[in-house]
Every structure is written in C-alpha cells, then in structure tokens.
Amino acid sequence: MTTAQTRTHGINIGALNRDEKPQQIENFETCIKIEDLDLFYSGKQALHKVNMEMPRKKVTAYIGPSGCGKSTLLRCINRMNDLVDGVSIRGRILLDNEDIFDKSVNVAALRRRVGMVFQKPNPFPKTIYENVAYGLRIQGVNDRHILDEVVEKSLRGAALWDEVKNRLNENALGMSGGQQQRLVIARAIAIEPEVILLDEPASALDPISTLKIEELINELKDQYTIVIVTHNMQQAARVSDYTAFMYMGELIEFGETSELFTNPAKKQTEDYITGRYG
C-alpha cells in the first residue's frame, strides 16, 4: 500500500495499491466549508484545526467517541456556541461562501437558514398546529390561510400529517417521543431553512421511531443539506452520504460513507469502526 492519499474537495480517498487508480468521486457543490477551526472553552481547546467541506443536499454524519467534539462542531454551524460562556473561536465557517462569524452577520437570520433538532424532543407546550406555526408567527406572519398551508406542508414533509391531521389543536406534549421528534423537524422546516442540523435525533427513541426518523432524513435530503451527529455507526452508514470521524477534537478522516466504512484511510478510523477503541 502506498502512503500517498488522493484528495478531492478535501475528501480522503484512501490508501491505494500501486496498480490501482484513485476512486472517482463526482465533484459536489459545497454548501458549508470549515477552515482551520479552533474552539476553546474557557481556554481549554476542544476543537483543533478542523477543515472540511460539506456538499449541498447530501447527508453528512459526524461519528466518534463521546467527548470528541462532534456536537461542539455541529453547534458552531449555527453559532449555538455563542450562548456558552467562555467560548472563543478561531477560523472560519463559510455558508454559501459567506463567513458566518463576520460581524455583519445577523445571528437570528443565520439560525433561520440553519435549523437545529436536538437529542431530546423539545416541543413547546402549545398545540401541534402552533408548534409548527411558531417560527412564522415570530416573523410576523399571521395570515391564517398562509399558516394553514405551511403547517400542512411541513407536517407532510416530516411524515407526520396523516397521524395528526385530525388533532392539530391538541397539546403537542401528548404525542409519543417519535412523533414529538418529527414535530420538531416539521417546526424546523416550516421556516424553509437551507441546512438542518440533527444532534443525536434518534438516540432517545425506540427502534420503530428511529426507523421513521431515518426514512425521513433520506427524504429530506432532496431539499436540504443535512448534518447529523450520531454515536450509532450503523445509523451513520444507513443515512449518510459522507462521514467525518472525529477523535479528541480533531477531524481524523472525512470521506464518502461507503469508502470510509469499507476502506478507511487512517488506522485510527479503522480501529474505531472495528471496535478496537472508543
């Protein structure tokens, strides 16, 4: 095996036999570009010189052991870490070639473009209808006809409409955990974001609900760029097009999911995937 690696758009193709040709990867349109990203919590470094490009309308998964920086990196993309005391960041994150850390960026507008769904479903103590309509209402949209259209469209987009169409005025807290998570996704897509960040979206769900979330992710990537953090490597293999393996705050390897899981370029990646550590 040679030690040289071929790179296309920052993706490791992997170690190649001398008589092998590099695997061809179609060029993708970059949606998010991370450049030399360092992050510190009260002076303690949590992310180290992360560089990667994520393709538009594909699913990128972050995998790695607990505490490796997956969620920290995810929360940088919509500046959720701004809400944490003592955080400092160096480097750049470009969304459509615009630096999201630039002083001219309106953070509220950024978070409308980059929606986020957390590990634990967090519906508001409101009706199912008002949960989905909430984002539009705070933007000043109160036209009932528009709200009705968006609520139905978003619930259909989250594969939830047929289950709740006859109880839109019931409290969302009465829904099952899997339904609540899909409701939160409907709430996120109601304001038409460009990117959806999913932080362990199925870790608290039963297997059937998890399957529905995974099927939903596969459907949504036709319209949205999706980034998902997961501890479940099988889930990453099922739902993602590209996978990033992180360890101790460093991006060890990033590539096409099928390639990374079957022919990882780095021994650290192979050791993690095969269960030798992590």
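Described below are features of the structure shown in this document. (Residues numbered from 1 in each chain as written. Predicted model: local features only at pLDDT ≥ 70, side-chain atom pairs only at ≥ 80, totals over all residues. Heavy atoms only, no water.)

## Some remarks on the overall build of the protein chain
Thinking step 1. Broken down by element type, the protein chain carries ten helices and twelve strands.
Thinking step 2. Relative to its 278 residues, the protein chain shows a buried fraction of 50%.
Thinking step 3. The contacts in the protein chain between residues at least 6 apart in sequence include a share of 65% that link residues at least 24 apart.
Thinking step 4. Surface exposure of the protein chain reaches about 13500 Å², of which carbon and sulfur atoms provide 47%. (Helix = DSSP H or I, 4+ residues; strand = E, 2+ residues; numbered from the N terminus. Buried < 20%, exposed > 50% of the residue type's maximum accessible area, 1.4 Å probe, protein only. Contact = heavy atoms within 4.5 Å. Areas by Shrake-Rupley, 256 points an atom, 1.4 Å probe, with all protein chains shown as cover.)

## A closer look at the packing of helix 4 (residues 144-157) against helix 6 (residues 177-189)
Thinking step 1. Helix 6 packs onto helix 4 with a crossing angle of 130° between their chain directions and a minimal axis gap of 8 Å. With respect to their mutual orientation, helix 4 and helix 6 come out oblique. In the crossing of helix 4 with helix 6, the sense of the turn from one axis to the other is right-handed. In contact with Ser-154, Leu-155 and Gly-157 of helix 4, helix 6 contributes Leu-183, Ala-186 and Ile-189. (Axes fitted to C-alpha atoms, helices over the stretch in contact; angles between N-to-C directions. Parallel < 35°, antiparallel > 145°, perpendicular 65-115°, else oblique. Left-handed = near helix turned anticlockwise from the far one by under 90°.)

## Thoughts on the environment of Leu-183
Thinking step 1. Tracing the backbone through its elements, the reader meets Leu-183 in helix 6.
Thinking step 2. Residue Leu-183 is classed as buried on the basis of its relative accessible area, which comes to 0%.
Thinking step 3. Taking the C-alpha atoms as reference points, Leu-183 and Asn-122, separated by 61 residues in sequence, lie 9.2 Å from one another.
Thinking step 4. In contact with Leu-183, not counting residues within four places along its chain, are Pro-123, Ile-128, Asn-131, Val-132, Leu-155, Leu-160, Ala-172 and Met-175.

## Details of the sheet that holds strand 6 (residues 87-95)
Thinking step 1. The sheet built from four strands is open, its strands ordered 4-3-6-7 with antiparallel pairing. Looking along the sheet, the strands with just one partner apiece sit at the ends: strand 4 (44-55) and strand 7 (98-99).
Thinking step 2. In this structure, strand 3 (residues 30-41) lies alongside strand 4, joined through eight bridges in antiparallel fashion. Counted as the bridge partner of Thr-30 is Pro-55 from strand 4. (Pairing = 2+ DSSP bridges.)

## Observations concerning the packing of aromatic side chains
Thinking step 1. Taken as a whole and assessed by the stated rule, the structure comprises three aromatic pairs.
Thinking step 2. Residues Tyr-242 and Phe-254 carry aromatic rings whose centres are separated by 6.1 Å and whose planes lie at 40° to one another, so their mutual orientation is tilted. Of the two residues, Tyr-242 is situated in strand 11 (residues 242-247) and Phe-254 in strand 12 (residues 250-256); the sequence distance between them amounts to twelve residues. No difference in accessibility class separates Tyr-242 from Phe-254, as the two residues are buried. (Phe/Tyr/Trp six-rings, centres within 6.5 Å; stacked < 30°, edge-to-face > 60°.)

## Structural notes on the layout of surface pockets
Thinking step 1. In this structure, the largest pocket encloses a volume near 520 Å³.
Thinking step 2. Considering the residues around the largest pocket, the lining is formed by 20 residues, among which Arg-111, Gly-115, Met-116, Arg-187 and Ile-191 are closest to the centre.
Thinking step 3. For the lining of the largest pocket, the elements supplying multiple residues, two or more each, are helix 2 (107-113), strand 8 (114-117), helix 3 (128-138) and helix 6.
Thinking step 4. The class makeup of the residues in the lining of the largest pocket is twelve nonpolar, five polar and three charged.
Thinking step 5. As a volume, the second largest pocket reaches approximately 250 Å³.
Thinking step 6. Taken together, 13 residues make up the lining of the second largest pocket; nearest its centre are Lys-153, Ser-154, Ile-189, Glu-192 and Tyr-224.
Thinking step 7. With four residues, helix 4 is the single largest residue contributor to the lining of the second largest pocket.
Thinking step 8. Of the residues assigned to the lining of the second largest pocket, the class counts are seven nonpolar, four polar and two charged. (1 Å grid on protein atoms, 1.4 Å probe; cavity = no way out; pocket = protein on both sides within 12 Å on 5 of 7 lines; lining within 4 Å. Points joined across faces, edges and corners; volume = space filled by probe spheres on them. Nonpolar A, V, L, I, M, F, W, Y, C, P; charged D, E, K, R; others polar.)

## Overview of the packing of helix 6 against helix 7 (residues 207-220)
Thinking step 1. Taken N-terminus to C-terminus, the directions of helix 6 and helix 7 make an angle of 20°; their axes are 9 Å apart at the nearest point. The angle between helix 6 and helix 7 places the two elements in the roughly parallel class. The way helix 6 lies across helix 7 gives a crossing that is right-handed. Listed contacts from helix 7 to Gly-178, Gln-181, Arg-182, Ile-185 and Ile-189 of helix 6 are Ser-209, Lys-212, Ile-213, Leu-216 and Leu-220.
Thinking step 2. For the contact of helix 6 with helix 7, a count of residues per class yields five nonpolar, three polar and two charged.

## Things to note about helix 7
Thinking step 1. The first and last C-alpha atoms of helix 7 sit 20 Å apart over 14 residues, in line with the 20 Å expected at 1.5 Å per residue.
Thinking step 2. Looking only at helix 7, the buried set comprises Ser-209, Thr-210, Ile-213, Glu-214, Leu-216, Ile-217 and Leu-220. Along the axis of helix 7, the buried positions cluster into a sector of 160°, meaning they face one direction only. Structural note: helix 7 exposes Pro-207 and Ile-208 on the side pointing more than 90 degrees away from its buried face.
Thinking step 3. Elements that come into contact with the buried residues of helix 7 comprise strand 5 (59-63), helix 4, helix 6, strand 9 (195-199), strand 10 (225-229) and helix 8 (233-239). (Expected span 1.5 Å × (residues − 1). Arc of directions from axis to C-beta.)

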